[in-house]
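Structural features, examined
So you can see what is in the structure, the chains are spelled out below.
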Amino acid sequence: MWLSPEEVLVANALWVTERANPFFVLQRRRGHGRGGGLTGLLVGTLDVVLDSSARVAPYRILHQTQDSQVYWTVACGSSRKEITKHWEWLENNLLQTLSIFDSEEDITTFVKGKIHGIIAEENKNLQPQGDEDPGKFKEAELKMRKQFGMPEGEKLVNYYSCSYWKGRVPRQGWLYLTVNHLCFYSFLLGKEVSLVVQWVDITRLEKNATLLFPESIRVDTRDQELFFSMFLNIGETFKLMEQLANLAMRQLLDSEGFLEDKALPRPIRPHRNISALKRDLDARAKNECYRATFRLPRDERLDGHTSCTLWTPFNKLHIPGQMFISNNYICFASKEEDACHLIIPLREVTIVEKADSSSVLPSPLSISTKSKMTFLFANLKDRDFLVQRISDFLQKTPSKQPGSIGSRKASVVDPSTESSPAPQEGSEQPASPASPLSSRQSFCAQEAPTASQGLLKLFQKNSPMEDLGAKGAKEKMKEESWHIHFFEYGRGVCMYRTAKTRALVLKGIPESLRGELWLLFSGAWNEMVTHPGYYAELVEKSTGKYSLATEEIERDLHRSMPEHPAFQNELGIAALRRVLTAYAFRNPTIGYCQAMNIVTSVLLLYGSEEEAFWLLVALCERMLPDYYNTRVVGALVDQGIFEELTRDFLPQLSEKMQDLGVISSISLSWFLTLFLSVMPFESAVVIVDCFFYEGIKVILQVALAVLDANMEQLLGCSDEGEAMTMLGRYLDNVVNKQSVSPPIPHLRALLSSSDDPPAEVDIFELLKVSYEKFSSLRAEDIEQMRFKQRLKVIQSLEDTAKRSVVRAIPVDIGFSIEELEDLYMVFKAKHLASQYWGCSRTMAGRRDPSLPYLEQYRIDASQFRELFASLTPWACGSHTPLLAGRMFRLLDENKDSLINFKEFVTGMSGMYHGDLTEKLKVLYKLHLPPALSPEEAESALEAAHYFTEDSSSEEALPQEEQEGSGSEERGEEKGTSSPDYRHYLRMWAKEKEAQKETIKDLPKMNQEQFIELCKTLYNMFSEDPMEQDLYHAIATVASLLLRIGEVGKKFSARTGRKPRDCATEEDEPPAPELHQDAARELQPPAAGDPQAKAGGDTHLGKAPQESQVVVEGGSGEGQGSPSQLLSDDETKDDMSMSSYSVVSTGSLQCEDLADDTVLVGGEACSPTARIGGTVDTDWCISFEQILASILTESVLVNFFEKRVDIGLKIKDQKKVERQFSTASDHEQPGVSG
């Protein structure tokens, strides 16, 4: 490739000159190609240690002038062919021109200009394809692909020089981080180390420093521990590794989310030596941090940030911090964590103006909002550019009448978010939630009866505050404090959020403001105001729709706070039903999870239905990520964090808790319901106040404070039950003495009675202690810990899934548990590979975690072909893809073009285990419909038609096919019906009833199918050491079987006429006419359609020689049959009408074909059809006859009874899977099949 000219001072160090002319030198790297010795070893080592790109480019061309000592690199090449091409171009195009110049400087300037021109031209052509990485980086990517055999689709993100510790010896080399793999390569004095680890296999990733290892990165998989150290910038490397491992975990957790994540934005301009992917991952990390800090919607993209100061009128200071600008918001965060946070939605902005600069206030910028607030920023570095960006975004934010959202356009919402449709026109709405909660109107459609205000207001007897005495006075004071706060700091979205705001939240939010402030602090208000009418639309769409989620919702409705009067009547229950169903409809991947009902019922007490819905969205999708999916992964992750924090903060209690096994029991119920299910309602709601302001940090702090308060009792507990009872009683007695609501008896407190109730604990005191003792917890630290725990949790869930799937495989399958687990890993890797390299296999690529474990990973036909080719003991050369296609059709009994692991193992077991009869049965079935496709044999077309129609055919299906017959229903269960336990019981009953198939149940095989079987056998033997003996044996057997078929044909011609009317009910015309028509109809397509007759010949060029072997082996054993086989096989090549008619028109009669196909499909309607003379007068052969014939040849018997170790093939497949499985050149055979 052409390189941008760079100076080389010592041209001959480590290089050998191969060609030269007055202006250019072509050089080869020492030790590359012929020769080598010690020089080659040293140079190879230096290449790896010092220069990452040298091994990619063993050839280079330098430009030189006669009097100059300076050389310029102009091109490099990975092969002699590539570099020679560049050399010839230079000789043909530049040599003549350069000899004209007088000055050497002019020559060098001209050459450099020309090379730059060529590179610019190449880049111009490549730009539309997205080739935006710098040259040096492309070289490293090329080296990575070459070194590790990665396909084109595997993108390098970045590479780093580092040491890998092999034992106690550091190996200096290069670490390559790609989208799906971590790779390391080292070459030191002839010792080569090459590592490839998939991100999805990593169970632990952490940065640590020990005495043995300096500051290093530890990478664990299930099989090994790897240590890397001596990084130039270990922080950057580790952060990137975290991001890539996180992407892989997302892929295992939720393939749709992973695919969404993969849609990375295109860069505006390439940066030097930074890959586009690396830059995009950095941008994604910043986006996530920005959205989490300011609780913004998921589609918000950070445009940029700059340091500045903000004038805060409440304390008359200029606070230093950072201003962030995105497509819909301007945000500010102070350098001191609690000093000030500010969120200004662009929809609220009325004026942005540049004020006059002064020495006191340099580069000020004033932003005014509709709520009559003005924000003054100063010390902005690039103010003009900033104002331009803000005005660009403001132009995209449609203007609208004050208080109305009717004129909003769809451009505000990023079209990339699936779950948030473009805003619809809605009714009038205040521009911010600053107006009191009671004055807000609901967006909901008028037809749907909805709770337009918090249920608490409807079901609480409104006694005046004065009547409540001290409690009323306290509540009044709280309200007053908040109103003063609003006056000083602003009200609504644009409020200044400071340490004082947090202090007020900790004292408890007054009942009248709770709903409003929850909406603000959670960020739900922003989503609600930009999606008017969305909830009403969802309610309308989801009403009357039945799914598994709706059934579970109905079951749990009356268990949601049954002690509260709001949920003891239809109004509250109906509101809860609508909100939960609407959310399940919005987000089917979560649908409904237990505990959502408890949280939602509390949200409904303080807000309208729509407000409760958007609060639920904020909770499930942003504040508690992955908590409410089918495997409650998020809650398990935070449970792991809780265990870790217990070890750090309460070390003396940690070991005892582990022994008791309490943490897993308590944390799920505490975290999933935010303490609402374990504490009295009026106390838990105070924790929810703090949670909406501070996030998960508060929940962890309170949980630690509860354990700390009960440490002595817990240390004295002898078992889990005792510890749980003690903690339950403690939480029951956490009271809120300031609550103005009538006390609601807590269900657990009612059920558990005790002589001496423990002392009451004030909730505000508990919160205060939690902040005093555990406030060192930071949001960033929690995110870091979440990553570490997520790896652990998801990998343990994957292990559980693997064990469950392996247990579901019947015992008689023949593989050991270890072999099944290895096969499962290979199968899963093949499924995941469909997502790796952006393949278009959408059906197999999508994984639904809510399905049973067995159905979660499935592969399609092309993936199965790749696995079959590498694992089958029956290697058939170029015929293998054809055989794989047949095996796939045989296993795919529900015809959805996907097979699960059980079906896959069933197919593998048929080839590996069982005796000769069992293996031959599998081979026999592969040459009958449905395995044999219509294109492969014309007669199979008619057979397949009867096969699908005949209801009795189920009896002839193999047992494994009947076992999976329910999976078609399973595929539809999410949308239409519920897969309750009865469904599975019926399936299991059917499995038990399924009768073992006997060889008599197998349908007979016609001549076309038999010829296909012979072809497969010939291909199967081609790579065997006993090849010649096997060929001779199969020729003898084929010849014998052809004669048996001929005899059978004559016999059936005499006796098989009587039951004809019963076997072919649809044939109305008399037989003789039909016979003549058949001869006429059948002949033309047979001769003229290569697809219909050539069958597998498109895949193998062996047909002529195979047929010759048959004749050779069968000579002297009968002339008619072998010649018929020969003529039929030749027909498939030369398509001559006359030779074809020997078989087709002479012996294949249409009425008999129809009769025969009934047999192929299942049992004939008359018992006599199965025994003795068959209904068919055509040539046919039974499985018993094939088995008996093969048993006469010991070499064939030995071949099929030979044991093959699948373990070795799995090992090879794993190696191939990492490197080549989706490379374009390896996909060709699969596609052609």
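1. Here's the deal with the overall build of the chain
Secondary structure summary: the chain contains 53 helices and 23 strands in total. Burial statistics for the chain: of 1233 residues in total, 56% are counted as buried. The long-range fraction of contacts in the chain, counting pairs at least 24 apart against all pairs at least 6 apart in sequence, stands at 69%.

2. Structural notes on unusual backbone geometry
Each neighbour pair has its own omega, and for Pro-929 with Pro-930 the value is 5°, a cis peptide bond. On the secondary structure map, Pro-930 appears in the loop between helix H36 (916-925) and helix H37 (938-949). A positive phi is found at Arg-295, a non-glycine position, where the angle reads about 55°. You can see Arg-295 is positioned in the loop between helix H8 (276-294) and strand S13 (302-312). The exposure class assigned to Arg-295 is buried, which follows from its relative accessible area of 15%. In this structure, Lys-316 takes a positive phi of about 55° despite not being glycine. Within the fold, Lys-316 resides in the loop between S13 and strand S14 (317-326).

3. With respect to the sheet that holds S13
With respect to topology, 7 strands assemble into an open sheet ordered S16-S15-S14-S13-S19-S18-S17, the strand pairing being antiparallel. Across the chains shown, the open sheet's two edge strands, defined by having one partner strand only, are strand S16 (341-345) and strand S17 (349-354). Averaged over all neighbouring strand pairs, the angle between strand axes comes to 30°, with direction disregarded. Across 5 bridges, S14 lies against strand S15 (residues 329-334) in antiparallel orientation. Bridge pairing in S15 places Gln-322 opposite Ala-333.

4. Notes on the sheet that holds strand S12 (residues 225-229)
Spatially, S9-S8-S7-S6-S12-S11-S10 is the arrangement adopted by the 7 strands of the open sheet, whose pairing is antiparallel. The open sheet has two free edges, formed respectively by strand S9 (191-198) and strand S10 (202-208), since each of these has just one partner strand. When the angles between neighbouring strand axes are averaged without regard to direction, this sheet yields 30°. Contacting strand S6 (156-166), strand S7 (169-178), strand S8 (181-188), S10 and strand S11 (216-221), helix H6 (residues 234-253) runs over the sheet at an angle of about 160° to S10.

5. Re the pattern of salt bridges
Using the criterion set out here, one finds 39 salt bridges in the structure. Glu-236 is the salt-bridge partner of Lys-278, the closest N and O atoms lying 3.8 Å from each other. One end of the pair, Lys-278, is in helix H8; the other, Glu-236, is in helix H6, and 42 residues separate them in sequence. The exposure class of Lys-278 is buried, given its relative accessible area of 6%. Residue class for Glu-236 comes out partly exposed when judged on its relative accessible area of 31%. The shortest N-O distance in the salt bridge between Lys-788 and Glu-644 comes to 3.5 Å.

6. Examining the confidence of the model for the chain
Here the chain averages 74 in pLDDT, and 69% of its residues register 70 or above. In this model, residues 257-261 is a region of pLDDT below 50 whose contacts with residues beyond four sequence positions or in other chains number 11 contacts. Here residues 838-845 is a poorly scored stretch, pLDDT under 50, and it has 23 contacts once near neighbours within four places are set aside; other chains count.

7. Digging into helix H11 (residues 470-489)
With 20 residues, H11 should cover 28 Å at 1.5 Å per step; its first-to-last C-alpha distance of 28 Å lies within 8% of that length. Gly-472, Glu-475, Lys-478, Glu-479, Trp-482, His-485, Phe-486 and Tyr-489 are the residues of H11 that are buried. Projected down its long axis, H11 shows its buried positions confined to an angular sector of 145°, all on one face. Across H11 from its buried face, at more than 90 degrees, point the exposed residues Ala-470, Met-477 and Phe-487. Buried residues in H11 make contact with helix H12 (499-506), helix H13 (511-522) and helix H28 (763-774).

8. As for the pairing of strand S19 (residues 374-378)
When S13 meets S19, the two strands line up antiparallel, connected through 2 bridges. When the sheet's bridge partners are listed, Thr-309 is paired in S19 with Ala-378. Note: strand S18 (residues 365-369) against S19, 4 bridges, orientation antiparallel. Counted as the bridge partner of Leu-365 is Phe-377 from S19. Hairpin connection of S18 to S19: 4 residues between the antiparallel strands, including Lys-372 at a positive phi of 65°.

Cut-offs applied
- Residues numbered from 1 in each chain as written.
- Predicted model: local features only at pLDDT ≥ 70, side-chain atom pairs only at ≥ 80, totals over all residues.
- Heavy atoms only, no water.
- Helix = DSSP H or I, 4+ residues; strand = E, 2+ residues; numbered from the N terminus.
- Buried < 20%, exposed > 50% of the residue type's maximum accessible area, 1.4 Å probe, protein only.
- Contact = heavy atoms within 4.5 Å.
- Pairing = 2+ DSSP bridges.
- Axes fitted to C-alpha atoms, helices over the stretch in contact; angles between N-to-C directions.
- Salt bridge = Lys/Arg side-chain N within 4 Å of Asp/Glu carboxyl O.
- pLDDT = per-residue confidence, 0-100.
- Expected span 1.5 Å × (residues − 1).
- Arc of directions from axis to C-beta.

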